[in-house]
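# Examination of the molecular architecture
This is what each chain is made of:
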Amino acid sequence: MAEHVRGESRVNGFPALTDLHERLRDGSLTSTALTRLCLDRIAAANPVLNAVLAIDATALDQAAAADARYAAGTPYGPLDGIPVLVKDSIDTAGFASTAGSRLLAGSPPRSDAAVVGRLRRAGAVVLGKTNLTEWSSFRTTQGCEGWSAVGGQTVNPYSAQRTASGSSSGSAVAVATGMAPLALGAETDGSIVSPAGLCGVVGLKPTPGTLPLAGVVPVSDTEDSVGVFAGRVTDAALALAVLTGPDTVESGSAPRALELPVPLGGLGRRIGLWRVPRMPAQVTAVLDTTAAGLRAAGFTVVDVELTVERDILIDGLRAMYAEFTPSLERYLAGRDGVPRTLAEIVEANRADPVELSLFGQDLFETVLGLGDPDRAKAVADRARAVERAVALLDGTLRRYGVEALVAPTNEPAWLVDHQLGDPYSPGSSTLPALARRPNVTVPAAQSGLPIGISLFGPSDEGALLQLALEAERSLARQPHALLV
């Protein structure tokens with residue numbers, strides 16, 4: 001992408017994070033130059049893609065501070081000086097943090113979300129904020145993913161007429177197009193892995209609670225998860241390791257030891273291939289190529305039959321609907337100058353000339369109509385949904401004797417249509433989401449628009465990332481022509 005950043009294994013202009021860190025250490029690269037490179041890329045590409053909502057005015061100052069630490073021989077670690085973009089549902093002190101809603105614009109939070117605090121303690125350069133589906137796709141069932149009243153429509157980096165999916169649309173697009181080597185997103189069900197799959201990058205959704213939710217605009221306090229977009233599996237793993245390690249976690253929190261994945265090969269290991277129903281022929285072809293690549297790497301790949309029963313989905317939806325209002329209102333209580341209740345948001349949206357100009361707020365109105373008995377049932381509904389999802393997932397792993405499942409993340413990106421909204425799009429994210437299990441998607445061999453392959457099943461992120469690394473190595477990534 002530019003001569004400032006040279007290295008092996010370049011993905012969309014950036015070498016691996018470990019290579020960037022080594023170059024910052026030996027002085028052949030500065031964080032200031034790297035940050036300027038990202039800012040220049042945003043300036044060139046964002047007018048077409050609409051992925052970035054706001055730039056942190058202190059970004060170059062942050063980079064200069066990192067350069068000073070490297071010059072003194074005291075860098076904080078492998079993320080020191082690395083530019084990172086952050087989904088705008090994740091609070092950053094003093095700027096943006098809108099969740100895509102005009103009702104939160106103009107009154108930024110006083111403090112960072114806990115995960116942003118971890119980024120800063122790691123020395124990362126908080127570069128700016130990315131667009132998202134407004135209120136993390138929970139305002140309406142009729143909208144288009146990637147649209148918000150604050151940021152407009154984010155588009156796919158390979159076709160401006162097609163979706164980038166959501167809700168963490170801007171983060172996926174930004175990493176895919178070299179606006180930053182790393183970005184944060186958040187997911188309840190699919191909001192990380194789906195845009196990562198459609199944009200051709202790695203998306204890691206950890207187990208809920210692995211990264212802190214304090215200061216993140218919620219959908220469900222029990223199912224939400226903060227995660228990572230990166231160009232390669234090792235970069236996502238490194239970011240998660242740093243952000244859960246002893247140098248970044250809050251006082252009183254227990255750090256985690258996450259070993260970075262290394263190639264082990266697939267000899268003697270078994271993987272289950274889940275052919276998600278109603279996927280188009282292009283996805284079937286990608287699955288066949290994926291299976292062949294894994295077998296060539298030494299894995300035994302077996303087809304599995306799996307149906308997520310309707311009662312599991314209903315329990316999960318009932319719980320999420322009932323959890324939304326109290327989760328959101330707990331968050332709003334910590335912000336100044338914003339509505340305090342969902343009812344106030346609904347009324348303010350009705351009075352706003354932009355908020356409802358394209359899409360309604362039927363989800364808001366539905367959950368607003370729930371009463372105390374519905375919310376009282378949420379705990380039992382959630383527990384039942386988790387229990388059934390875990391039983392289905394673990395039962396499938398045992399029945400077929402496999403370590404994990406491999407499944408298509410997405411179908412090819414569909415056309416953006418503000419009149420009709422998004423069509424139904426099959427995917428594989430709901431089962432690991434309801435089971436509270438980590439999920440990682442990697443770009444698959446492809447022709448045409450990107451298609452991602454998801455891996456999930458194990459409860460341990462380290463074991464899952466190891467398998468994802470092997471899958472990534474076995475899948476020939478084919479270059480595509482970006483729009484800009």
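None of these values were measured; they are calculated from a predicted model.

## Observations concerning the state of the cysteines
- All chains considered together, the criterion is met by 0 disulfides.
- No disulfide involves cysteine 144; its sulfur sits 15 Å from that of cysteine 199, the nearest cysteine.
- Relative accessible area serves as the criterion here: at 3%, cysteine 144 is assigned to the buried category.

## A closer look at the nonpolar core
- Of all hydrophobic cores here, the largest spans 109 residues; its most connected members are Ile90, Met179, Leu184 and Leu455.
- Setting aside its immediate chain neighbours within four residues, leucine 184 contacts Val84, Leu85, Val86, Lys87, Ile90, Val115, Leu119, Ser171, Gly227, Val228, Phe229 and Leu243.
- Core analysis: the second largest hydrophobic core is formed by 22 residues, Ala99, Trp135, Ala322 and Leu370 among them.

## So, the pairing of strand β7 (residues 159–163)
- Judged from the 2 bridges that link them, strand β6 (residues 155–156) and β7 form a sheet pairing that is antiparallel. Each bridged residue has a counterpart across the sheet, and for valine 155 the counterpart in β7 is threonine 163.
- Linking two consecutive strands that pair antiparallel, namely β6 and β7, is a turn of 2 residues.

## Brief notes about the pattern of salt bridges
- All chains considered together, the criterion is met by 26 salt bridges.
- Residues arginine 69 and aspartate 80 are paired through a salt bridge, measuring 2.6 Å at the closest nitrogen-oxygen approach. Placement of arginine 69 in helix α3 (residues 59–71) and of aspartate 80 in the loop between α3 and β2 (83–87) is noted, with a sequence separation of 11 residues between them. For the pair shown, arginine 69 and aspartate 80 are each scored as buried.
- Residues participating in the shared-partner salt-bridge network are Asp311, Asp315, Asp381, Arg384 and Arg388.

## Things to note about helix α4 (residues 114–121)
- In terms of residue burial, α4 counts as a mostly covered element, since 6 of its 8 residues are buried.
- For α4, the complete set of buried residues consists of Ala114, Val115, Val116, Gly117, Arg118 and Leu119.
- Looking at the buried side of α4, the elements it contacts are β2, β3 (125–130), β8 (182–187), β10 (225–230) and α7 (233–243).
- Of the residues trailing α4, glycine 123 is marked for its positive phi of about 85°.

Rules used throughout
Residues numbered from 1 in each chain as written. Predicted model: local features only at pLDDT ≥ 70, side-chain atom pairs only at ≥ 80, totals over all residues. Heavy atoms only, no water. Disulfide = S-S within 2.5 Å. Buried < 20%, exposed > 50% of the residue type's maximum accessible area, 1.4 Å probe, protein only. Core = buried A, V, L, I, M, F, W, Y, C linked by side-chain atoms within 4.5 Å. Contact = heavy atoms within 4.5 Å. Pairing = 2+ DSSP bridges. Helix = DSSP H or I, 4+ residues; strand = E, 2+ residues; numbered from the N terminus. Salt bridge = Lys/Arg side-chain N within 4 Å of Asp/Glu carboxyl O.

No statement about biological role is implied by the geometric values presented.
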